[in-house]
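Each chain, letter by letter, is given below.
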Amino acid sequence: MGWAAVTVAMLAATPVFLTRGDVTPEAELRAEAESTWKALEARYVAEAGGTPSRAPVNISLRRGEAMLPSRNGQGRPGVVELRQGTPGVLDERLRVALRHELAHQLLWWACPASAEDRLFHEAFALVVSGELVEWREAPYQSLTSAAAELARNPDVDTPRARRALARVLNESTGFPRALTRRLRQCQDGARWLVPLSVDELAGVAQVVASATVVLSRHSGEVLFSEGDIRTAMPYGSTLKPFMVAGSTAPPPVLSPRAEVPEWVCGERLPGKVDAKTALVRSCNGYFLDWEGQGSAPRAFGPWGAVLTAVGLSGEPLDMADAIGLQSTLRLSPWGLAQAYRLLAEARPDLMEVLSGSAARGTLSELPASKDYAGVAAKTGTVRDAESRPRLGWIVAVDRELVAVVVRPGKMPRAFAEAVPEVLAKVRKKRSGLEAARAQVLGLVQPSAIEARCQGAGFLLEQGSPRAVPEGFAKLEPLVQKGAVVCLGSPWRVRFPDAPAGRDYAGIFTNSPPPPFKQPAGVPTSPNAFRARRGSDFLFRTTRLQYTAGVVAAEDASLKGEPRVALARVVAHNERHAHSRHPGRPVCDTTHCQTFLGTVRVQPEEERALAAPPLRWRDWLPFSQGGQEPWSETRPRAQVESLLGLGVTAVRFADGRVHYVRTKREGGAVFDAAESLPCELLRSALRLPACPRTAHFGDREVSFEGRGQGHGEGLDVEAAKASGLDAGRILERAYAR
């Protein structure tokens, strides 16, 4: 693009700057903002190679309210707030703050994909605002200490963190190459899957002191982290299982070559080595010879896309690159944990193989080996030119967790005990990490449901990953081919009644329920029929996340002991769904207990899941309850469609509706007493609770009652008013 064309494009893309008289002089402030914007956009064009296709929004320039003392400016998309020391004076401090905040505004417009990457935003703003000159005059700070400070303050929102970031930026002369690469990524419309890291920004390979990250296999949430888990480092042998998983043909059985150093992988190596032995013993020679045969997958096969999505720094040129014999490629502990989460879901057979690492592989015959029972493990070692360990890795996967532990200067065997310790630590800190399954979205037409993964979404079809489309896509055709997993983010699910969408942190699969036949003589609305049938969509998350979601959906205002009591009931019912859906998981509607997706876990839910299991062995009903009076009317024809024509003497007692109905049999006419569960009537008519009275008019029926829900088991409103602890609340509700 010629500079004349660039100038025209920039003029067309300059936003309108709005002032309201609280920062003065207004005309000079707007002129400063316009000239700054043009300079910023010119820099963007020069580095990114083009201009964004859409027009920027108007930007309001105003006086800041409730700003921290360390800040001279702050903002959000479309709004810049400034601290003006002297009215009518635009001093250099305010002008720098304006340039800094407009840099953020430009990125929100030109590169919305980077909105959550604070390091990238702050680095760009520091470079283009002119602030680096000021920081260069600060006392000397080592690059190592600067990286450590940024690891402690990833939001870069303190002066110490700004100083550290400036130190990293000053490693470069001119505009940092890492920012140029990222700006071109913006302009190309590429997905922003991995945030900018310190070592990427500095352009040098750094190794942190240590890093540990633990993920939930079910929800994907980070349960524990220590160190800079986003720093990309040479990964050693940890990616060998992905090479096996990426093979379209069975891996070969090979003969070891004793004269080749890469075949030195433990004592008493058998005369023939298959992929299973090569994995648990981490035999480099096996993989190199496999490539030599010409049948090994290139660049991890279909798993290469997964590794790239979670931050692998490039495509391996050969097997030595892929299995970490050459330290040319890098991956962060976070990215490796994400990849293993997907691998564990897709290939349980490989997890079974790796469970032998502590028995007969690289972690065998150690004091900690016995603590790896039930744990699939893979080690990796990065060595220097003199074969000294530079970096050791252990990846561990059990039924609930994925852990990655990295230690510099150590072989994995030297810190093997760290993995069982961190797994035990996470379990002690967080209860309810085991899987919970629920039938979800059963009341919604399946074809109307769409899902989006803001991280990296993959469909697992016969054990092989395939990237799901970017943006929202129909969920039904995806799950019919296999499980769908979102790495690094919850799923966002939307449908016509929830256009903004809901978060679902977990894994979706397809499982059609058995044919459902409504019992004869039991009236049911279409929604009730769908609820009792169940859903084709199964969702797996943790019991803690599931419990928190149900409690929030049932009564988000609940606090303290009543919330603990309800959470214990919810968690109990997830394990006792047989009375609702025999042989199937619990559903997400009021037929079971309402679940509307993932929410923030509250302390009460954590307390509830840490408590012992409840003593009852069946489903425990609960309702909102209370004594608030209500009255409702329904068409008489609708009521008679449920109870029958000629209904009289209607009364409510013991959770049932009792009535007399006129019947005709043969030539005889007589009155017959009948009854139905009151919940069937309440649900079909959508009444707040089981009524206390019903008055039949010519065209309408008037119902009166108190409280909400079916009135059985735990009365939530009564629990709120009781002042009792959770245990006594439950005993009062379910004592029998």
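Because the structure is predicted, anything quoted here is derived from the model rather than measured. (Residues numbered from 1 in each chain as written. Predicted model: local features only at pLDDT ≥ 70, side-chain atom pairs only at ≥ 80, totals over all residues. Heavy atoms only, no water.)

**Q** Give me the pattern of salt bridges: which residues, what numbers.
**A** According to the stated counting rule, one finds 37 salt bridges in the structure shown. The closest approach of N and O atoms between Arg543 and Glu574, which form a salt bridge, is 3.4 Å. Of the two residues, Arg543 sits in helix 21 (residues 543-555) while Glu574 sits in helix 22 (residues 560-574), which places them 31 residues apart along the sequence. One network of salt bridges, with partners in common, ties together Glu434, Arg543, Glu574 and Arg575. (Salt bridge = Lys/Arg side-chain N within 4 Å of Asp/Glu carboxyl O. Helix = DSSP H or I, 4+ residues; strand = E, 2+ residues; numbered from the N terminus.)

**Q** So what's going on with the nonpolar core? Residues and values would help.
**A** Grouped together as the largest cluster of nonpolar side chains are 65 residues, with contacts concentrated most on Tyr286, Phe287 and Tyr340. It is helix 15 (residues 333-346) that provides the largest number of residues to this core, a total of nine residues. In contact with Tyr340, not counting residues within four places along its chain, are Thr238, Pro241, Phe242, Met351, Leu354, Lys378, Val395, Val397 and Val402. Residues Ala436, Ala451, Val468 and Ala571 belong to the second largest nonpolar core, which totals 57 residues. (Core = buried A, V, L, I, M, F, W, Y, C linked by side-chain atoms within 4.5 Å. Buried < 20%, exposed > 50% of the residue type's maximum accessible area, 1.4 Å probe, protein only. Contact = heavy atoms within 4.5 Å.)

**Q** Residue-level account of the side chain of Asn573, with values.
**A** With respect to the helices, strands and loops of the structure, Asn573 is situated in helix 22. Judged by relative accessible area, which is 0%, Asn573 ranks as buried. There is a polar contact of 2.9 Å between the side chain of Asn573 and the backbone nitrogen of Leu620. (Polar contact = N/O pair within 3.5 Å; in protein donor to acceptor, adjacent residues only side chain to side chain.)

**Q** Break down the state of the cysteines for me, with residues and values.
**A** Counted according to the given criterion, the structure contains five disulfides. Covalent S-S linkage joins Cys111 and Cys186, the inter-sulfur distance amounting to 1.9 Å. Looking down the S-S bond of the Cys111 and Cys186 bridge, the torsion is -65°, so its handedness is left-handed. Residue Cys111 is found in the loop between helix 3 (92-110) and helix 4 (118-129), and its partner Cys186 is found in helix 8 (residues 177-188); the two are separated by 75 residues along the sequence. Of the two residues, Cys111 and Cys186, neither departs from the other in class, the shared state being buried. Disulfide partner of Cys453: Cys486, at an S-S distance of 2.0 Å. Its S-S torsion of about 80° marks the bond between Cys453 and Cys486 as right-handed, since a negative value means left-handed. Taken together, the residues span a long stretch of sequence, with Cys453 in strand 11 (residues 450-453) and Cys486 in strand 15 (residues 484-487) at a distance of 33 residues. Since its relative accessible area comes to 6%, Cys453 is described here as buried. When the bonded cysteines of the protein chain are numbered from the N-terminus onward, they pair as 1-2, 3-4, 5-6, 7-8, 9-10. (Disulfide = S-S within 2.5 Å.)

**Q** Please set out the packing of aromatic side chains residue by residue, giving values where relevant.
**A** The way to describe two aromatic rings as a pair is by their centre distance and the angle between their planes. By the definition in use, this model includes 15 aromatic pairs. Summarising the aromatic geometry, the rings of Tyr504 and Phe508 are spaced 5.7 Å apart at their centres and angled 50° between planes, so their arrangement reads as tilted. Members of the aromatic cluster, connected to one another through ring pairs, are Tyr504, Phe508, Phe539, Tyr546 and Phe595. (Phe/Tyr/Trp six-rings, centres within 6.5 Å; stacked < 30°, edge-to-face > 60°.)

**Q** So what about helix 3? Which residues, and what values?
**A** Taking 1.5 Å of rise per residue, 19 residues should cover 27 Å, and helix 3 covers 26 Å from first to last C-alpha, within 8% of that figure. Of all 19 residues in helix 3, 16 are buried; the element is thus mostly enclosed. (Expected span 1.5 Å × (residues − 1).)

**Q** Before we move on, can you summarise the side chain of Thr231 with the specific residues and values?
**A** Relative to the elements of secondary structure, Thr231 occurs in the loop between strand 6 (222-227) and helix 10 (240-245). By relative accessible area, which is 4% here, Thr231 ends up buried. A distance of 2.5 Å separates the side chain of Thr231 from the side chain of Asp228, its partner in a polar contact.

**Q** Pulling in residues and values, what's your account of unusual backbone geometry?
**A** Keep in mind that most residues, glycine aside, have a negative phi and that most peptide bonds are trans. In this structure, Pro25 follows Thr24 across a cis peptide bond, with omega equal to -5°. With respect to the helices and strands, the residue Pro25 is situated in the loop between strand 1 (17-19) and helix 2 (26-48). In this structure, Ala299 is a non-glycine residue whose phi angle is positive, near 55°. Among the structural elements, Ala299 can be located in the loop between helix 12 (284-293) and helix 13 (303-309). The residue Arg686 is not glycine, and still its phi comes out positive at about 55°.

**Q** Outline the sheet that holds strand 24 (residues 656-665), supporting the account with residue identities and numerical values.
**A** In space, the three strands of this open sheet follow the order 23-24-25, with antiparallel pairing throughout. Either end of the sheet is taken by a strand with one partner, and the two such strands are strand 23 (647-653) and strand 25 (668-677). Strand-to-strand twist of the sheet, defined as the mean angle between neighbouring strand axes without regard to direction, takes the value 25°. Sheet topology note: the strand 24/strand 25 ladder contains ten bridges and is antiparallel. Paired with Lys663 across the strands is Phe670, a residue of strand 25. Along the sheet, helix 25 (residues 678-685) makes contact with strand 23, strand 24 and strand 25, crossing strand 25 at roughly 85°. (Pairing = 2+ DSSP bridges. Axes fitted to C-alpha atoms, helices over the stretch in contact; angles between N-to-C directions.)

**Q** Quick one: what's the story with the pairing of strand 11, residue by residue and with numbers?
**A** The two faces of the sheet receive side chains in turn, since in a regular strand these alternate between them. As judged from the four bridges shared by strand 11 and strand 16 (residues 491-495), these two strands associate in the antiparallel manner. By the bridge assignment for strand 16, Arg452 is matched with Arg492. When strand 11 meets strand 14 (residues 473-474), the two strands line up antiparallel, connected through two bridges. Within strand 14, the residue paired with Ala451 across the bridge is Ala473.

**Q** With reference to specific residues and values, describe the packing of helix 2 against helix 8.
**A** Helix-helix packing: each pair is described by the crossing angle between the helix axes and the interaxial distance. Contact geometry of helix 2 with helix 8 gives a least axis separation of 8 Å together with a crossing angle of 90°. Classified by the interaxial angle, the pair formed by helix 2 and helix 8 is roughly perpendicular. Contact residues: Tyr44, Glu47 and Ala48 in helix 2; Thr180, Leu183, Arg184, Cys186 and Gln187 in helix 8. Tallied by class, residues from the contact of helix 2 with helix 8 come to four nonpolar, two polar and two charged. (Parallel < 35°, antiparallel > 145°, perpendicular 65-115°, else oblique. Nonpolar A, V, L, I, M, F, W, Y, C, P; charged D, E, K, R; others polar.)

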